[in-house]
Every structure is written in C-alpha cells, then in structure tokens.
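Coordinate inspection notes
Listed here are the chains, written in short residue letters.
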Amino acid sequence: MARSKLKKARRYAGRLRIALWVLALAAALVPLPSQVVERFYWRTFYLKVQPLLTSLSNLVPVALLDVAIVILLGVMVTIFIRAKRAGGWTAALTATLMWLLTTTAVVYLLFLITWGFNYRRVPLEAKLDFDRSRISSEAAVRLATEATSRLNAGYAKAHAQPFEPEALRYAFVDAQWIVARTFTFTTGRPKKSLLGFYFRKAAIDGMTVPVFLEFILNPDLLPFEQPSVLAHEWAHLGGYADESEANFIAWLAGIRSGDPVAQYSAWLDAYRLSVNALPRKVRTTLPPLAEGPRADLAAARAARGIRLVPPRQPNRRGDRQL
C-alpha cells in the first residue's frame with residue numbers, strides 16, 4: 001500500500017515537472033501582443049504588485065538575492081548527496097539535473113510574472129513625441145556640447161554639497177508622470193551583495209532583481225555617479241526593462257531634480273553616451289571639458305576599469321585634441 005502511494009506520488013511529481021517545463025518553454029516562445037502586456041500586465045497587475053514586493057524587500061537590510069542563492073545551492077547539494085548515497089553517481093547526477101531543470105522553469109516563470117513581461121511592453125518611443133529622423137550626428141553633437149557646458153558650470157556645486165535622494169525621488173515621480181501618466185511605484189533601498197566582486201570585474205553599475213523587486217548597487221560607485229544609477233534602477237522597478245528607456249527616465253529625473261549632484265550626474269551620463277556615439281574626427285570639434293569633469297571621468301574609469309572616451313582637452317600648444 002505504501003509503495004503504491006509512493007509510486008503515485010512519483011508519477012504526479014514527474015507530470016508536474018513536465019508541465020512546468022512545457023509552461024516555461026511556452027511562456028518564453030509564445031508571443032504576446034505588446035498592447036495586451038501594457039494594459040493587463042503593467043497597468044493592471046505590475047503597478048499593484050511592485051509596491052508590495054519592494055516594500056517587503058525594503059524591510060530586509062541584506063540582498064534577498066544572496067539569501068536565495070545560498071538556499072538554492074544548499075538544496076542542490078543536499079539532493080546530490082542523498083541521491084548519491086541511495087543510488088550512486090548516476091542517480092545523483094540525474095536527480096540534480098531534474099532538480100535544476102525544474103528550478104530553472106519555476107524561477108523563469110516567477111521572473112516573468114514579477115518583472116520580466118515588462119520587456120514585452122509597448123516601447124516608450126511609441127508613446128512619446130518621438131521622430132527617428134531627429135537622431136543624427138548633429139543632434140549628438142548638440143547634446144554633447146550642452147552636456148559639456150552643464151558639466152563645466154555645475155562641477156563646483158556638485159562637489160560642494162552631499163547628494164539629496166529625496167529631491168531625486170520627487171523628480172522621479174514627476175518623470176514617471178510625464179512619460180506614462182502614472183506614479184504608482186515604490187522606490188527601493190540600495191543594497192550591497194555578495195556579488196559585489198563580480199560587479200567590479202564586469203563593470204556593472206547596478207542590478208534590479210526580479211521576484212524580490214530589490215536592487216543592488218556596485219560598491220565602487222563614486223558619489224557623483226550614484227544619483228543616475230539610483231534613478232536608473234528605480235526606472236527598472238517602475239517597469240521599464242529596456243536599458244535605453246531606463247537611461248532616459250533617469251536623465252529626465254536627474255535634470256529636473258533641482259539637486260546639483262543629481263543634475264551633474266545626469267549630464268555626465270548624457271556626455272558619456274553622446275560622445276561615445278560620435279566618430280573620433282567629430283569629437284575633435286567639441287568644446288573641451290574643464291579639469292574637474294575630466295578628473296571625474298578618469299576617477300570613474302580607475303575605480304571600475306570602465307572604458308570611457310577620453311574627453312577633449314587643450315594641449316600644451318593650445319590646440320584641442322582627444
């Protein structure tokens with residue numbers, strides 16, 4: 001009788017595993033109309049779930065991602081050891097592989113439900129007054145020139161006072177309203193992670209963690225970099241999965257914040273992105289950065305090994321060069 005129940009339980013578990021694999025595969029491959037995702041996922045579901053999950057994550061001072069990784073590794077090792085004792089290496093490898101496949105399917109489905117479907121939303125450019133013909137080298141030059149002017153003028157104030165997160169938070173709410181006519185979201189608290197060493201090696205500034213809807217920052221971020229990265233991760237928490245959209249919202253929040261550090265941080269990102277998009281010969285026509293912003297770019301490059309385009313500066317004979 002007991003063996004019969006055990007066999008039934010195993011058959012049920014096997015069918016459940018297969019169902020999870022099929023469901024995860026279908027979720028990955030079957031396309032969903034972006035309008036459906038926008039209306040029924042983001043506006044109806046995500047904007048209600050995100051404040052709850054992020055508020056709960058904010059109560060925990062450590063990264064829940066670290067806790068999950070430790071638990072999953074512990075479970076995997078336990079399954080391997082028990083299966084090896086019961087049936088040898090083949091049984092251990094088979095049991096571990098089945099567990100990995102099932103766990104991957106479950107984690108992927110949770111990823112989609114809690115955040116991942118945001119990748120399938122209506123692009124931000126379809127909602128705004130966006131004209132692709134405006135994208136040109138001339139426009140990039142104008143942006144780089146404006147960014148240079150703002151950085152040169154704002155350097156002193158940005159380094160004379162500490163960053164005020166509340167000012168950026170209010171500006172981020174304003175930016176959310178501008179681009180989506182909504183401000184229903186909860187900002188997360190920056191956390192450190194055991195993966196900090198990987199962030200250093202990979203030059204990753206920050207990461208939003210689905211399922212828990214928390215975010216982790218690179219421990220080597222410099223003070224003038226933190227506001228832009230913070231607003232960028234807030235944008236991800238707000239449901240903007242695309243990196244360029246998160247960059248835009250972070251920039252918009254930064255320049256509208258009224259906080260000198262956040263404004264400087266936003267224009268530093270604008271300078272970096274616009275200059276990197278220009279050919280080398282075009283960069284020689286740009287006005288030079290002052291010594292302060294140049295030192296900040298050099299410090300960021302030294303802190304995390306990021307390959308930044310060297311800013312223009314005058315040489316000894318007064319000629320401008322890269």
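Thresholds, definitions, all that
Residues numbered from 1 in each chain as written. Predicted model: local features only at pLDDT ≥ 70, side-chain atom pairs only at ≥ 80, totals over all residues. Heavy atoms only, no water. Helix = DSSP H or I, 4+ residues; strand = E, 2+ residues; numbered from the N terminus. Buried < 20%, exposed > 50% of the residue type's maximum accessible area, 1.4 Å probe, protein only. Contact = heavy atoms within 4.5 Å. Areas by Shrake-Rupley, 256 points an atom, 1.4 Å probe, with all protein chains shown as cover. Lys, Arg positive; Asp, Glu negative; His and termini not counted. Charge placed at Lys NZ, Arg CZ, Asp CG, Glu CD. pLDDT = per-residue confidence, 0-100. Pairing = 2+ DSSP bridges. Axes fitted to C-alpha atoms, helices over the stretch in contact; angles between N-to-C directions. 1 Å grid on protein atoms, 1.4 Å probe; cavity = no way out; pocket = protein on both sides within 12 Å on 5 of 7 lines; lining within 4 Å. Points joined across faces, edges and corners; volume = space filled by probe spheres on them. Nonpolar A, V, L, I, M, F, W, Y, C, P; charged D, E, K, R; others polar. Polar contact = N/O pair within 3.5 Å; in protein donor to acceptor, adjacent residues only side chain to side chain. Parallel < 35°, antiparallel > 145°, perpendicular 65-115°, else oblique. Phe/Tyr/Trp six-rings, centres within 6.5 Å; stacked < 30°, edge-to-face > 60°. Lys NZ or Arg CZ within 6 Å of the ring centre and 35° of its normal. Salt bridge = Lys/Arg side-chain N within 4 Å of Asp/Glu carboxyl O.

Quick word on the overall build of the protein
Counting its regular elements, the protein contains 11 helices and five strands. On the principal axes, the C-alpha backbone points of the protein span a range of 90 × 40 × 40 Å. Counting every position in the protein, which comprises 322 residues, the buried fraction comes to 40%. In the protein, once contacts between residues fewer than 6 apart in sequence are set aside, the share between residues at least 24 apart is 73%. Within the structure as shown, the protein displays about 18300 Å² of accessible surface, and the carbon and sulfur contribution to it stands at 63%. In the protein, which carries 42 positive and 23 negative side-chain charges, the distance between the mean positions of the two groups comes to 14 Å.

Some words on the confidence of the model for the protein
Looking at the protein, the pLDDT average stands at 87 and 91% of residues meet or exceed 70. Here strand β5 (residues 320-321) stands out as the least confident element of the protein, with mean pLDDT 30; helix α3 (residues 64-114) is the most confident, with 95. A low-confidence stretch, residues 312-322 (pLDDT under 50), is modelled with 27 contacts involving residues beyond four sequence positions or located in other chains.

Brief notes about the sheet that holds strand β3 (residues 214-217)
With mixed pairing, three strands are arranged side by side in an open sheet as β1-β3-β2. Two strands lie at the open edges of the sheet, namely β1 (190-191) and β2 (206-209), each paired on one side alone. Across the sheet, helix α7 (residues 226-237) lies against β1, β2 and β3, angled at about 155° from β3, the strand it touches most.

With respect to the pairing of β3
Alternating positions in β3 separate into two faces, E214 and I216 on one and F215 and L217 on the other, with burial throughout. As defined by bridge partners, β1 adjoins β3 across two bridges and the pair is classed as parallel. Looking across to β3, one finds that P190 is bridged to F215. Note that β2 and β3 share four bridges and pair antiparallel. Paired with G206 across the strands is L217, a residue of β3.

Some words on the layout of surface pockets
Summary: where empty space remains is shown by rolling a probe the size of a single water molecule over the atoms. Each pocket or cavity is described by its volume, and for the second largest pocket that value is around 300 Å³. Lining the second largest pocket are 13 residues, with L65, A68, L72, V107 and F212 positioned closest to its centre. Elements represented by at least two residues in the lining of the second largest pocket include exactly α3 and β2. At seven residues, α3 tops the list of elements feeding residues into the lining of the second largest pocket. By residue class, the composition of the lining of the second largest pocket is 13 nonpolar, no polar and no charged.

Thoughts on the side chain of T103
Relative to the helices and strands, T103 is located in helix α3. In this structure the side chain of T103 is engaged in a polar contact, spanning 2.8 Å, whose partner is the backbone oxygen of W99.

Comments concerning the packing of helix α2 (residues 34-58) against α3
Following both chains from N to C, one finds α2 and α3 inclined at 110°, their axes separated by 9 Å at the closest point. Judged by the inter-axis angle, α2 sits roughly perpendicular to α3. Seen from α2, the contacting residues are Y41, F45, Y46, L53 and S57; seen from α3, they are L64, L112, I113 and T114. Classifying every residue of the contact of α2 with α3 by side-chain character gives seven nonpolar, two polar and no charged.

Describing the packing of aromatic side chains
Following the criterion strictly, the structure yields 13 aromatic pairs and no others. Arranged with centres 6.4 Å apart and planes meeting at 90°, the rings of F224 and Y264 form a pair that is edge-to-face. On the criterion of sequence distance, the pair formed by F224 in the loop between β3 and α7 and Y264 in helix α9 (residues 260-276) is long-range, its members being 40 residues apart. The pair F224 / Y264 is uniform in exposure class, with both members buried. One aromatic cluster is present, formed by Y41, F45, Y46 and F117 through successive ring pairs. One residue, R121, lies across the ring of W42, its end atom 3.7 Å from the ring centre. The ring of W42 is capped by K127, whose NZ or CZ atom sits 5.4 Å from the centre of that ring.

Some words on the pattern of salt bridges
In total, this model carries nine salt bridges according to the counting rule given. Between K127 and E38 there is a salt bridge; the shortest N-O distance is 2.6 Å. Here K127, found in the loop between α3 and α4 (137-158), pairs with E38, found in helix α2; they are 89 residues apart in sequence, far enough to count as distant. Taking the relative accessible area as the measure of exposure, E38 reaches 8% and is therefore buried. In this structure, the salt-bridge partner of R272 is D269, at a minimum N-O distance of 3.3 Å. Of this pair, R272 and D269 both sit in helix α9, three residues apart, roughly one helical turn. Judged by its relative accessible area of 25%, D269 falls in the partly exposed class. Through salt bridges with shared partners, a single ionic network connects E38, R121 and K127.

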